[in-house]
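Residue-level structure breakdown
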Amino acid sequence: ESVEVIAQKSDKLPEEVVEKHLKNLTRDNYTRGLEAHIVKLLSQNRRTTVRAVMQEQENAAGMKDEDKKMTQLRKESLANSKLSTRFAEKMGQCDEIIALKASLSSW
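Conventions we followed
- Numbers given for residues are sequential positions, taken from 1 along each chain in its written order.
- Reporting in this predicted model follows two pLDDT cut-offs: at least 70 for local features of residues, and 80 or more for side-chain atom pairs to be given and counted; totals over whole chains, interfaces and linings ignore these cut-offs and use all residues.
- Side-chain measures were taken over the full set of non-hydrogen atoms in the model, leaving aside hydrogen atoms and water.
- Each helix is a run of DSSP H or I of at least 4 residues and each strand a run of E of at least 2, with the numbering of both proceeding from the N terminus.
- Exposure classes here rest on a 1.4 Å probe applied to the protein chains alone. A residue is buried below 20% of its type maximum, exposed above 50%, and partly exposed in between.
- In this description, contact between two residues means that some pair of their heavy atoms is separated by no more than 4.5 Å.
- Using a 1.4 Å probe, the Shrake-Rupley method yields the accessible areas, and only the shown protein chains count as cover for residues.
- The definition of a polar contact used here is a pair of N or O atoms within 3.5 Å, where within protein one atom must be able to donate a hydrogen and the other to accept one, and adjacent residues in sequence count solely through side-chain atom pairs.
- Side-chain atoms within 4.5 Å link the members of a nonpolar core, which is a set of buried Ala, Val, Leu, Ile, Met, Phe, Trp, Tyr and Cys residues.
- His is not counted, nor are the chain ends, whereas Lys and Arg count as positive and Asp and Glu as negative.
- When a carboxyl oxygen of Asp or Glu is within 4 Å of a side-chain nitrogen of Lys or Arg, the pair counts as a salt bridge.
- Angles shown run from 0 to 180 degrees and are taken between the N-to-C directions of axes, each axis being a line fitted to C-alpha atoms and, for helices, limited to the stretch in contact.
- Here the word oblique covers every angle except those under 35 degrees (roughly parallel), over 145 (roughly antiparallel) and from 65 to 115 (roughly perpendicular).
- Any residue outside Ala, Val, Leu, Ile, Met, Phe, Trp, Tyr, Cys, Pro, Asp, Glu, Lys and Arg is labelled polar, Gly included; the first ten of those are nonpolar and the last four are charged.

So, on to the overall build of the chain. The helix and strand inventory of the chain stands at six helices and zero strands. Written out in order from the N terminus, the α and β elements of the chain read α-α-α-α-α-α. Relative to its 107 residues, the chain shows a buried fraction of 29%. The contacts of the chain with a sequence gap of at least 6 include a subset with a gap of at least 24, amounting to 64%. Accessible surface computed for the chain: about 7700 Å², of which carbon and sulfur atoms make up 53%.

Written out as structure tokens, the structure is:
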């Protein structure tokens, strides 16, 4: 449940609610790496982003100006990957906490 909350609503929830779910993920981190398989929204977003960028690449195929073409592809990619970026930032916070716990462990 916490993975889904972080993926879907982390920008719309109060910080203390997001923090609670991040704490849940640091305690039960067995799902790490499987987020895109667990949360359909992430998987759908990834497919949508890839399709949008591929379509933009096809549209830009005739452009002579390579810089302009790359700028367009980057713009399309950034526009479609906001959800994934926000989710990755939150999961990075979890990873930081887990790494800190591991470094403090006596074993």
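Next comes the rest of the write-up.
Further remarks concern the environment of Ser103. For Ser103, the position within the fold is in helix H6 (residues 82–104). Engagement of the side chain of Ser103 in a polar contact is seen with the backbone oxygen of Leu100, the distance being 2.8 Å.

Taken as a class, soluble globular proteins show a tendency for nonpolar side chains to be buried jointly. In terms of nonpolar packing, the biggest core is built from twelve residues, these being Val3, Ile6, Ala7, Val18, Leu22, Leu25, Val39, Leu42, Leu83, Phe87, Met91 and Cys94. Those elements giving two or more residues to this core turn out to be helix H1 (2–9), helix H2 (15–27) and H6. The biggest single contributor to this core is H6, with four residues. Among all residues touching Leu83, those that are not within four sequence positions of it are Ala7, Leu41, Leu42 and Asn45.

The topology assignment puts Glu56 in helix H4 (residues 40–59). Of the side chains bearing the opposite charge, Lys75 lies closest to the buried Glu56, which forms no salt bridge; the N-O distance is 8.5 Å. At 3.5 Å, the side chain of Glu56 and the side chain of Gln72 are in polar contact. In contact with Glu56, other than residues within four places in its own chain, are Gln72, Leu73 and Glu76.

On to the pattern of salt bridges, then. For the coordinates displayed, the defined rule picks out one salt bridge. Note that Glu66 is salt-bridged to Lys69, the shortest N-O span being 3.2 Å. Taken together, the residues Glu66 and Lys69, both in helix H5 (residues 66–80) and three residues apart, mark about one turn of the helix.

Moving on to the packing of H4 against H6. Where H4 contacts H6, the two axes come as close as 9 Å, and the packing angle between them is 130°. Considered as vectors, H4 and H6 are oriented oblique to each other. When H4 is examined against H6, the residues Leu41, Leu42 and Asn45 are found in contact with a partner set consisting of Leu83, Ser84 and Phe87. Looking at side-chain class alone, the contact of H4 with H6 contains four nonpolar, two polar and no charged residues.

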